[in-house]
Amino acid sequence: MRHFQTFSAMILIVSLFLIFFYSTQLHQTANTLRVVSEKPPKQLELHVQDSDVKHPSTPEGFTTTDLNVHKFPISDELGQIIPQNGAYWNRLLFSTLRSLDDSENPFMNEHPWSVCRQENEDLLRINVHDFNSYPVLFKAFLQGMNCRSPPILISQPDRCGSGGKDGNSQTFLLFAIKSVPRNFEQRQAVRETWGREGVYQRGLRVRLVFLLGTSSENDPDLSKLLSYEAKLYKDVLQWDFQDTLLNLTLKMNMFLKWTVKHCPQVSFVFSGDDDVFVNTPALLTYLQSLDASKAFQLYVGHIISPASPLRDPKSKYYIPSSFYDGPYPPYAGGGGFLISGSLLQPLYLISRVIPFFPIDDVYIGMCTKALEVSPEAHKGFQTFDVKEQDRENVCVHKEHLLLHQRSPQHIKRMWKGINSPLLTC
Ligand SMILES: *[C@@H]1O[C@H](CO)[C@@H](O)[C@H](O)[C@H]1NC(C)=O
């Protein structure tokens, strides 16, 4: 009996302690939320209701009122650098911002994102006076601007590991590499060298995915080979849209959606091309050296600034002035840059407000601007390449984090070089 009384008393004390402990915790959470909402009030707030976004983890600046409703401020910085004028994209941006301002229930919640081709054509002819003079691919981009829900053909839902039982399976760095179906050799070179999956120094887990669309109807059918490759390596993601230059923003958006869903805990993402050379050990050392506040707001690479649209219709990156008129915000060159995992969800959500722009890295620059995340320049990222005479120099490869456009053979040679015990630099 005596024992029983002591036991009950202990239970009582433990319960009281737990009640006390949780109430302080709640109090603290309430304070954090208040601090967040006391940030300087921005005029605009985005409310996104989205069943795609299943993990309402609450990075700084977010408050989650309901499981699938995300509310966060949109900085007016983007509206300050982009002029309000008659160009189509500029008009779209400002009308969207106004609609956020006006209504309690902005159209974001209703936007179907499945306005493809035909539906959009009349709208474009009315709004873009010289639409007929645009290059064919540019017209195709405009027609698909609001066509954002291509089906996923090859997904790897377990790519990032369960994240559960063993802490090791948490992904520290995810390589998200833009490729196209026919680039088998480039992908293999990446797998065998800098993109190799595994646990690196100090238990940091690195994972790799390739992002692909589909080849055009005039190309040989590679779907069987691709599905074999995907089964073998489990690192191929593919969506049902044409893998063209002007669809890269769509590709980036699909990747954000996939990551928010299947890899929400990733610490950092390296987004880049399948033909670059990356010094993975140096990249990891750099990422580990960051202090916590920076690690959550990282957007680093070769920063292109000041930058503005190219107006030569023959250029790969031609932008007609009736489509976009104004400078570009500073952005990290798309050949390869790093971004914090905690920014992916905000980026995905803000992309609901910012109209698609045909150049993917410029688009990320616009979105980060709206999130008030500034790009940071790092001279280790050479997306425009080093001097001709340094291209075979192993020591130069060892010094940098990323080098521009390399053949698969060159990548293998240099990777062997920087990892050789004989190397003295
Ligand atoms: C993007 O992909 C869609 C779907 O396959 C296609 O209709 C469109 O023409 C592509 N856009 C460009 C600019 O290639």
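Coordinates for the structure precede this section.
Please read these numbers as outputs of a predicted model, since none were measured by experiment.

### A few points about the state of the cysteines
Part 1 of the argument: Enumeration over the complete set of coordinates arrives at two disulfides.
Part 2 of the argument: Note that Cys160 is cross-linked by a disulfide to Cys263, the S-S spacing being 1.8 Å. Between Cys160 and Cys263 the sulfur-sulfur dihedral comes to about -65 degrees; the bridge is accordingly left-handed. In this pair, Cys160 sits in the loop between strand E4 (152-154) and strand E5 (173-178) while Cys263 sits in the loop between helix H8 (248-262) and strand E9 (268-273), placing the two residues 103 residues apart along the sequence. For the pair Cys160 and Cys263, a shared accessibility class is recorded, and that class is buried.

### Structural notes on the pairing of strand E14 (residues 336-340)
Part 1 of the argument: With five of its five residues buried, E14 lies for the most part within the structure.
Part 2 of the argument: Of the two faces of E14, both are covered, the one formed by Gly336, Leu338 and Ser340 as well as the one formed by Phe337 and Ile339.
Part 3 of the argument: With five bridges connecting them, E9 and E14 associate as antiparallel partners. By the bridge assignment for E14, Val269 is matched with Ile339.
Part 4 of the argument: Where strand E11 (residues 299-301) lies against E14, two bridges are found, and the strand directions are antiparallel. Considered in E14, the bridge of Tyr299 is made with Ile339.

### Here we look at the packing of aromatic side chains
Part 1 of the argument: As enumerated under the stated definition, the model contains 18 aromatic pairs in all.
Part 2 of the argument: When the ring of Phe131 is compared with that of Tyr134, the centres are 6.0 Å apart and the planes differ by 55 degrees; the resulting orientation is tilted. Like Tyr134, Phe131 is buried.
Part 3 of the argument: Look at Tyr328 and Phe357: their rings are 5.5 Å apart centre to centre, the planes differ by 85 degrees, and that puts the pair in the edge-to-face class. Here Tyr328, found in the loop between strand E12 (303-304) and strand E13 (331-332), pairs with Phe357, found in the loop between helix H11 (344-350) and helix H12 (360-370); they are 29 residues apart in sequence, far enough to count as distant.
Part 4 of the argument: Note on Tyr328: relative accessible area 7%, which makes it buried.
Part 5 of the argument: By relative accessible area, which is 0% here, Phe357 ends up buried.
Part 6 of the argument: Through successive ring pairs, a cluster of aromatic residues spans Trp89, Phe131, Tyr134, Phe138, Phe141, Phe323, Tyr324, Tyr328, Tyr331 and Phe357.

Thresholds, definitions, all that
- Note on numbering: residues in each chain are counted from 1, in written sequence order.
- Two thresholds apply to this predicted model, a pLDDT of at least 70 for residue-level local features and 80 or more for giving and counting side-chain atom pairs, whereas whole-chain, interface and lining totals are computed over all residues.
- As a convention, hydrogens and water are excluded, and side-chain values are obtained from all of the structure's heavy atoms.
- What counts as a disulfide here is a pair of cysteine sulfur atoms lying within 2.5 Å.
- To qualify as a helix, a DSSP run of H or I must reach at least 4 residues; to qualify as a strand, a run of E must reach at least 2; elements of each kind are numbered from the N terminus.
- Between buried and exposed lies partly exposed: a residue is buried under 20% and exposed over 50% of the maximum accessible area for its type, with that area taken using a 1.4 Å probe on protein chains only.
- In short, DSSP must find at least two bridges between two strands for them to pair.
- In this analysis, rings of Phe, Tyr and Trp, with Trp reduced to its six-membered ring, are considered paired at centre separations within 6.5 Å, and the interplanar angle assigns stacked below 30 degrees, edge-to-face beyond 60, and tilted for intermediate values.

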